Amino acid sequence: MNDAEQQRERWRTKAREVARNVVTPRAAEIDAVGEFAWDLAEVYSEYGFLSLLIPKEYGGMDTDITSFCLVVEEIANICASSALLVIVQAVGTMPVVLGGANELKEKVLPRLARERGLICFCLTEPESGSDAASVRTKAILKDDHYVINGQKCFITNGGVADFYTVFATTHPGNRIEGITGFVVEKGTPGLSVGKAEEKMGIRGSNTTEVIFEDVKVPVAQRIGDEGAGWWQMMRTLNRSRPAIGAQAVGLAQGALDYLIRFGKEEGWARGKGDSLGVPLMLADMAVEIEAARALVYKAANMMDEKVKGTPVQMFSAMSKYFASDVAMKVTTDAVQILQWQGLTRNHPVERMMRDAKVIQIFEGTNQIQRMVVAHTLLKSK
Ligand SMILES: Cc1cc2nc3c(=O)[nH]c(=O)nc-3n(C[C@H](O)[C@H](O)[C@H](O)COP(=O)(O)OP(=O)(O)OC[C@H]3O[C@@H](n4cnc5c(N)ncnc54)[C@H](O)[C@@H]3O)c2cc1C
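First, a word on what this report is: a plain description of the structure on this page. Small disclaimer: the values here were computed from a predicted structure and weren't measured.

What counts as what
- Residues numbered from 1 in each chain as written.
- Predicted model: local features only at pLDDT ≥ 70, side-chain atom pairs only at ≥ 80, totals over all residues.
- Heavy atoms only, no water.
- Axes fitted to C-alpha atoms, helices over the stretch in contact; angles between N-to-C directions.
- Helix = DSSP H or I, 4+ residues; strand = E, 2+ residues; numbered from the N terminus.
- Parallel < 35°, antiparallel > 145°, perpendicular 65-115°, else oblique.
- Left-handed = near helix turned anticlockwise from the far one by under 90°.
- Contact = heavy atoms within 4.5 Å.
- Nonpolar A, V, L, I, M, F, W, Y, C, P; charged D, E, K, R; others polar.
- Phe/Tyr/Trp six-rings, centres within 6.5 Å; stacked < 30°, edge-to-face > 60°.
- Lys NZ or Arg CZ within 6 Å of the ring centre and 35° of its normal.
- Core = buried A, V, L, I, M, F, W, Y, C linked by side-chain atoms within 4.5 Å.
- Buried < 20%, exposed > 50% of the residue type's maximum accessible area, 1.4 Å probe, protein only.
- Salt bridge = Lys/Arg side-chain N within 4 Å of Asp/Glu carboxyl O.
- 1 Å grid on protein atoms, 1.4 Å probe; cavity = no way out; pocket = protein on both sides within 12 Å on 5 of 7 lines; lining within 4 Å.
- Points joined across faces, edges and corners; volume = space filled by probe spheres on them.
- Pairing = 2+ DSSP bridges.

1. Looking at the packing of helix H1 (residues 3-33) against helix H2 (residues 38-46)
The N-to-C vectors of H1 and H2 enclose an angle of 160°; their axes lie 10 Å apart at closest approach. On the basis of their axis angle, the class for H1 and H2 is roughly antiparallel. As H1 packs across H2, the resulting crossing turns out to be left-handed. Residues Val18, Val22, Val23, Arg26 and Ile30 of H1 lie in contact with H2, whose contacting residues are Asp39, Leu40, Val43 and Tyr44. Tallied by class, the residues present in the contact of H1 with H2 amount to 7 nonpolar, no polar and 2 charged.

Next up, the structure:
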């Protein structure tokens, strides 16, 4: 193994240990109660999982996208809700890392990495989800600051974050060219947290509305230039979608691992489940999970190797939708196999099935990912 591979293996091992020892006893409870797991956030910070993509000079772990995906996969194998915390922390941070001025990086990144702050990514609005270019939240320049007004919804970590990465339009009507990113600190007058969503899955993750009423933000908290927000967002999502794929792979593998343990106890190896076709379903699950995993790490590797001339956004989209569709199918089949046990409230596989449904929706729905793939294919020479 070369240095990079050894490094990745270390991250995988570390995440697996934390998942097994610390997350396992909490996963069912987090889901049942539907509350943010502050204890896990603390542990993930301690192990560096919440500063994976922050450069070393600001106190972060400076890992590559493959290591990021490995950490997410291992945690999601046990608990998809708290794996989302690792992803969203990176998603909120990336626009600053990719496009922020040094002054902004100095202000925000060490507080995330060294002081264990949390960040969120505020894009979706009640009237603008899939069509992200139509954001209505406005940021209007007045002297040395912007005034932000608008409402965001379905924001992961909205109620627990110390920093809010927000996308608003600085030139209403300009769509893509008008979108600009900002970092707003918790406690800034006019910034408030609205309704917390009661979700069917990923219940251990905090999801809220975030409201901006005449929020004054210094120009220095703008991320890069006016109008650069769209491309910062796209570059961020290209990097995070493989991690969502990894979350789905980990979740699906968790369901298969459960079935294998259960099947060994039930004597499936001696032919007990044959009449129900169970062994064939297990084989299909294993193949589909491996195929999804291969696609996820291919997309991650393309990012890490900065492969020129390849449509990374297409592989990133493919990995997110294929892996989450596999997770949905595997967990649905797992419930089918387990029947009354799998249907029982708070059974691990029942939880995984609810979680898989949500993964098909966030970070761009799977329909939108298919559109990205189709457009890229049709535009290619
Ligand atoms: C648990 C959770 C956490 C989330 N966290 C965040 C977060 O941290 N930050 C954030 O900004 N957002 C977040 N979101 C929002 C999420 O990204 C959006 O819900 C998602 O992008 C879809 O937007 P929408 O709900 O407005 O649906 P809409 O865009 O209104 O779409 C409705 C339906 O129409 C389909 N559709 C829309 N346009 C097309 C098209 N052109 N072609 C084909 N089908 C189409 C969609 O696939 C969907 O099925 C989160 C959502 C969830 C559920």
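Moving on, there is more to tell.
2. Remarks on the packing of aromatic side chains
Taken as a whole and assessed by the stated rule, the structure comprises 8 aromatic pairs. Consider the rings of Phe262 and Trp268, whose centres lie 5.6 Å apart with planes at 65°: the pair is edge-to-face. Aromatic ring contacts, followed pair by pair, group Trp11, Tyr44, Tyr47 and Phe49 into a single cluster. Here the guanidinium or amino end of Lys14 rests over the ring plane of Trp11, the centre of that ring lying 4.1 Å away.

3. Some points on the nonpolar core
By size, the foremost hydrophobic cluster in this structure holds 97 residues, and its most contacted members are Tyr44, Phe49, Phe68 and Val86. Excluding residues within four positions of it along the chain, Phe49 makes contact with Trp11, Lys14, Ala15, Val18, Tyr44, Val71, Ile75 and Val86. Of all hydrophobic cores here, the second largest spans 17 residues; its members include Cys120, Val166, Ala168 and Val215.

4. Some details on unusual backbone geometry
Unusually for a residue other than glycine, Arg116 sits at a positive phi of about 60°. As for its position among the elements, Arg116 is in the loop between helix H5 (102-113) and strand E1 (119-122). The backbone of Gln339 shows a phi angle near 50°, a positive value even though the residue is not glycine. By the element assignment, Gln339 lies in the loop between helix H8 (312-338) and helix H9 (340-343). Judged by its relative accessible area of 43%, Gln339 is partly exposed.

5. Comments concerning the pattern of salt bridges
Enumeration according to the criterion identifies 21 salt bridges in this entry. For Arg26, the salt bridge goes to Asp39, with nearest N and O atoms at 2.6 Å. Taken together, the residues span a long stretch of sequence, with Arg26 in helix H1 and Asp39 in helix H2 at a distance of 13 residues. The exposure class assigned to Asp39 is partly exposed, which follows from its relative accessible area of 34%. For the salt bridge of Arg175 with Asp131, the shortest nitrogen-to-oxygen distance reads 3.0 Å. Placement of the pair is Arg175 in the loop between strand E4 (163-169) and strand E5 (179-185) and Asp131 in the loop between E1 and strand E2 (138-142), with a sequence separation of 44 residues. For Arg175, a relative accessible area of 42% puts it in the partly exposed group. Members of the salt-bridge network, linked through shared partners, are Asp31, Arg345, Glu350 and Arg354.

6. Overview of the layout of surface pockets
In this model, the largest pocket occupies a volume close to 1,400 Å³. Lining the largest pocket are 44 residues, with Gly129, Leu237, Arg241, Glu363 and Gly364 sitting closest to its centre. Looking at the lining of the largest pocket, the elements that each hand over two or more residues are helix H4 (80-99), strand E3 (145-156), helix H6 (229-266), H8, helix H10 (348-359) and helix H11 (366-379). Top element by residues in the lining of the largest pocket is H6. It accounts for 7 residues. Here the residues of the lining of the largest pocket are counted per class, giving 24 nonpolar, 13 polar and 7 charged. In this structure, the second largest pocket spans a volume of roughly 440 Å³. Taken together, 22 residues form the lining of the second largest pocket, with Asn77, Ile78, Gly254, Asp257 and Arg261 sitting closest to its centre. Elements with a contribution of two residues or more to the lining of the second largest pocket: H1, helix H3 (65-76), H6 and H10. Looking at side-chain class alone, the lining of the second largest pocket contains 7 nonpolar, 6 polar and 9 charged residues.

7. Let's talk about the pairing of strand E7 (residues 207-218)
In this sheet, E7 lies alongside E3 in antiparallel orientation, the contact comprising 9 bridges. Note on E7: the bridge partner recorded for Thr156 is Thr207. Relative to E7, strand E6 (residues 191-196) runs antiparallel, the two being bridged by 4 bridges. Within the sheet, the bridge partner assigned to Ser192 lies in E7 and is Ile211.

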